[in-house]
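# Examination of the molecular architecture
Below are the chains, spelled out letter by letter.
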Amino acid sequence: MAKLRGTGIAAVNYPTGMNLGGDPSQALIHATTSGSFVVTLSSSDLGQGLRTVIGQIAAETLGVAADEIVIDTADTDTGPHCMGTFASRATHRVGNAVKAAALETRGALLEVAALELGAPVDRLELDGFGNVLVAGEPARCARVADVASKAQFQYGRTISGRGAYMKPKSPVDPETGAMDPDSTEAHACTVAEVEVDTETGQVAVLSIRSAYEVGRQVNPALVRGQIVGGAFMGMSHALYETTEPYYPNPDHKPKDFSEYVMPGPAELPEIDCVVLEVPSSTGPYGVKGVGEMTANSPIPAIVNAIYHACGVRFDDLPVTAEKILRGLESKRSAEGAGPGVTGSGSNRPDAASNAGSDASGTADAAGGR
Amino acid sequence: MASRIVSFELCGREVEVLVKPMTTLQFVLRNQLGYTGTKEGCRQGGCGSCTVLVDGEPMMSCLLPVEDVAGRRVTTIEGITPVEGLAPIQQAFVDTNAFQCGYCTPGMVMLTTALLDHNPAPSREEAVEALGGNVCRCTGYAPIIDAIEAASASATGDATRDAGVMPDRSGER
Ligand code: FES
Ligand code: FES
């Protein structure tokens, strides 16, 4: 009986958005009388930080401080249409819609400012701190708040903008199945280290280290939050979580939350990442998506590390202590038959041929949605 | 069985509620008193999102019949939040990005409040131990442990405990 260590690697190529009849998102922006800007959306923030990054994109495009942006995602019945926050699409697709709406709003703002300052629109600029300036004449300026107020009470104008983003539905080639479903693709590679206890079957994940290429980061702290939280969730899928432990046999299904097995802070491995920024050509300011992909590559990396550690190949998740022990047992009884055997979770006839593959080879974490 | 009146101290003031037997403190807080900061993740003791302090000890309010807190001192997230700004522990959670959806956060903050009351400078292991009953599905716990260390450091004035904290991004949005 021993504690065996192993290292595994896996990579993911993750699509942003999906081919859902065009997969559109729309946005509306309007100025209030006090010069703040309300961005109205039907896109919900699940905690990934959508409201923050959308506020940043709107502020950057409008040329005002981020404090002046109010994100209203209150009601999907009355807000402009959005397909939703899934498929890591919101920063990219909602962001594109918001950027377009902010550009139109900016134009409307500058038209009113032109009346106020007596200068043509093309000579006006925003300083990012709530002022409209006449280029080259710093003395001639107006506060955005005053322009917004006067638009309503003096000029009878609206300061507002509309934005939409849609990638037309891509037809599927009936011969090859080829299509062009996504908006852009982000990439990551994860290296995991594990320790397998051959007596108890327990797997401890020691570290999960990843490199991510996610386009331009709108908010690096939120990107890191997705990556760290996703790595932990990936570990959870690899080793712990399932609603169907003996599928299709319903035995030992967790009946409620208290019986659902999850790792806790005591199982926290060392998690680290580096992020590379290669701007996309289609996203607002070069963004891609970094959401679901963060739980993808840790899973095959951990399973590959287990193979490296103990020579048993598993293709059925989660890799529980029971599966490890059964896998080690069948490996022992088959000793001499080959370099490795398949874990008990698999009934696949071709599984034996997987067993000899290189433990540290790259496994593709198909981007599950 | 007949309803009865239960009184206890809630965040510094006396409250009286009329309840049926076995009504939980969580239900009373959220549905009778409007204290919705205390969350309701599972209602069976499995997540800790409903953690409140009873006489300074962290308890899962979903498992606590309100009769059991009669005459006792209950503190919720509302009770530790100043009228202006944030309590230092809350600020530490913000500074370390220790929440995403925020559903676990009130429970985590109350737990941290009790932990630091008893042990102003917990080790990382002690912090992990204290978090054992509280689930976070978003952050992967690492930023929450960082938040506990940062809150401890700010309370004890020990700058060396800041080591695990993310760089200050307060200038960014
Ligand atoms: S709601 Fe009380 S522990 Fe989950
Ligand atoms: S922040 Fe979402 S559960 Fe902790």
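Residues numbered from 1 in each chain as written. Chains lettered and ligands numbered in written order. Predicted model: local features only at pLDDT ≥ 70, side-chain atom pairs only at ≥ 80, totals over all residues. Heavy atoms only, no water.

### So, the overall build of chain A
Regarding its fold elements, chain A presents 7 helices and 14 strands. Taking 21 Å as the expected radius of gyration for a compact globule of 369 residues, we find that chain A reaches 26 Å, considerably beyond that expectation. Considering only C-alpha atoms, chain A reaches an extent of 90 × 45 × 40 Å along its principal axes. Looking at chain A residue by residue over its 369 residues, the buried ones come to 49%. A fraction of 73% describes how many contacts in chain A between residues 6 or more apart in sequence connect residues 24 or more apart. Summing over all exposed atoms, chain A offers an accessible surface of approximately 16,700 Å²; the carbon and sulfur share of this is 52%. For chain A, the distance from the average site of its 28 positive side-chain charges to the average site of its 44 negative ones is 3 Å. (Helix = DSSP H or I, 4+ residues; strand = E, 2+ residues; numbered from the N terminus. Rg over C-alpha atoms; globule rule 2.2 N^0.38 Å. Buried < 20%, exposed > 50% of the residue type's maximum accessible area, 1.4 Å probe, protein only. Contact = heavy atoms within 4.5 Å. Areas by Shrake-Rupley, 256 points an atom, 1.4 Å probe, with all protein chains shown as cover. Lys, Arg positive; Asp, Glu negative; His and termini not counted. Charge placed at Lys NZ, Arg CZ, Asp CG, Glu CD.)

### Considerations on the sheet that holds strand β7 (residues 137-143) of chain A
Residues and elements named next belong to chain A. Spatially, the 3 strands line up as an open sheet ordered β5-β6-β7, and their pairing is antiparallel. Of all strands in the sheet, those with a lone pairing partner are β5 (124-126) and β7, marking the two edges. Ignoring strand direction, the axes of neighbouring strands in this sheet form an average angle of 30°. Inspection of the sheet shows strand β6 (residues 131-134) paired to β7 by 4 bridges, in the antiparallel sense. Its bridge partner being in β7, Leu133 is matched across the sheet by Cys141. (Pairing = 2+ DSSP bridges. Axes fitted to C-alpha atoms, helices over the stretch in contact; angles between N-to-C directions.)

### Considerations on the nonpolar core
Residues and elements named next belong to chain A. Grouped together as the largest cluster of nonpolar side chains are 60 residues, with contacts concentrated most on Val194, Leu239, Ile302 and Ile306. A total of 8 residues in this core trace back to one element, the largest contributor, which is helix α5 (residues 298-310). Not counting residues within four places of it along the chain, the set of residues in contact with Ile306 comprises Val194, Val196, Val203, Leu239, Gly311, Val312, Phe314, Val319 and Ile324. Counting 40 residues, the second largest nonpolar core, distinct from the first, contains Leu50, Val94, Val147 and Ala148. (Core = buried A, V, L, I, M, F, W, Y, C linked by side-chain atoms within 4.5 Å.)

### Section: the environment of Gly8 of chain A
Residue and element names in this part refer to chain A. Tracing the backbone through its elements, the reader meets Gly8 in strand β1 (residues 3-16). Gly8 sits 290 residues away from Pro298 along the chain, and the two C-alpha atoms are 9.3 Å apart. Setting aside its immediate chain neighbours within four residues, Gly8 contacts Thr190, Val191, Ala192, Ala301, Asn304 and Ala305.

### Some remarks on the sheet that holds strand β2 (residues 13-19) of chain B
Residues and elements named next belong to chain B. Taken together, 5 strands build an open sheet; the order of strands is β2-β1-β5-β3-β4 and the sheet is mixed. A single partner strand is all that each edge strand has here, and the edge strands are β2 and β4 (57-60). Neighbour-to-neighbour, the strand axes of the sheet open up by a mean angle of 40°, direction not taken into account. In this structure, strand β3 (residues 51-54) lies alongside strand β5 (residues 73-75), joined through 2 bridges in antiparallel fashion. Bridging across to β5, Val54 finds its partner in Val74. Strands in contact with helix α1 (residues 25-32) are β1 (4-10), β2, β3 and β5; relative to β2, the strand with the most contacts, it is inclined by about 100°. Contacts from helix α4 (residues 105-118) reach β3, β4 and β5 within the one sheet, and its direction differs from that of β3 by about 35°.

### Considerations on the interface of chain B and chain A
Contacts between chain B and chain A engage 21 residues on the former and 29 residues on the latter. Each partner contributes to the roughly 2,000 Å² buried at the junction of chain B and chain A, and carbon and sulfur atoms together form 60% of this total. Counting every contact that joins chain B to chain A gives 1 salt bridge. Here Glu241 of chain A makes a salt bridge to Arg137 of chain B, at a shortest N to O gap of 2.7 Å. At the junction of chain B and chain A, the tally comes to 5 residue pairs in polar contact (both at pLDDT 80 or more). Grouping the amino acids of the side of chain B that touches chain A by side-chain chemistry returns 11 nonpolar, 6 polar and 4 charged. (Buried area = accessible area lost by both parts, 1.4 Å probe. Salt bridge = Lys/Arg side-chain N within 4 Å of Asp/Glu carboxyl O. Polar contact = N/O pair within 3.5 Å; in protein donor to acceptor, adjacent residues only side chain to side chain. Nonpolar A, V, L, I, M, F, W, Y, C, P; charged D, E, K, R; others polar.)

### Points about the side chain of Ser280 of chain A
Residues and elements named next belong to chain A. Looking at the element boundaries, Ser280 is found in the loop between β11 (270-276) and α5. Among the polar contacts made by the side chain of Ser280, one reaches the main-chain amide nitrogen of Gly283 at a distance of 3.0 Å. Other than its neighbours up to four places away in sequence, Ser280 contacts His92, Thr184, Gly286, Val287 and Lys288.

### Quick notes on helix α6 (residues 321-333) of chain A
Residues and elements named next belong to chain A. Its 13 residues place the ends of α6 18 Å apart at the C-alpha level, agreeing with the 18 Å of an ideal helix rising 1.5 Å per residue. Listed in full, the buried residues belonging to α6 are Lys323, Ile324, Gly327 and Leu328. Along the axis of α6, the buried positions cluster into a sector of 130°, meaning they face one direction only. With respect to the buried face of α6, the exposed residues turned more than 90 degrees away are Glu329 and Ser333. (Expected span 1.5 Å × (residues − 1). Arc of directions from axis to C-beta.)

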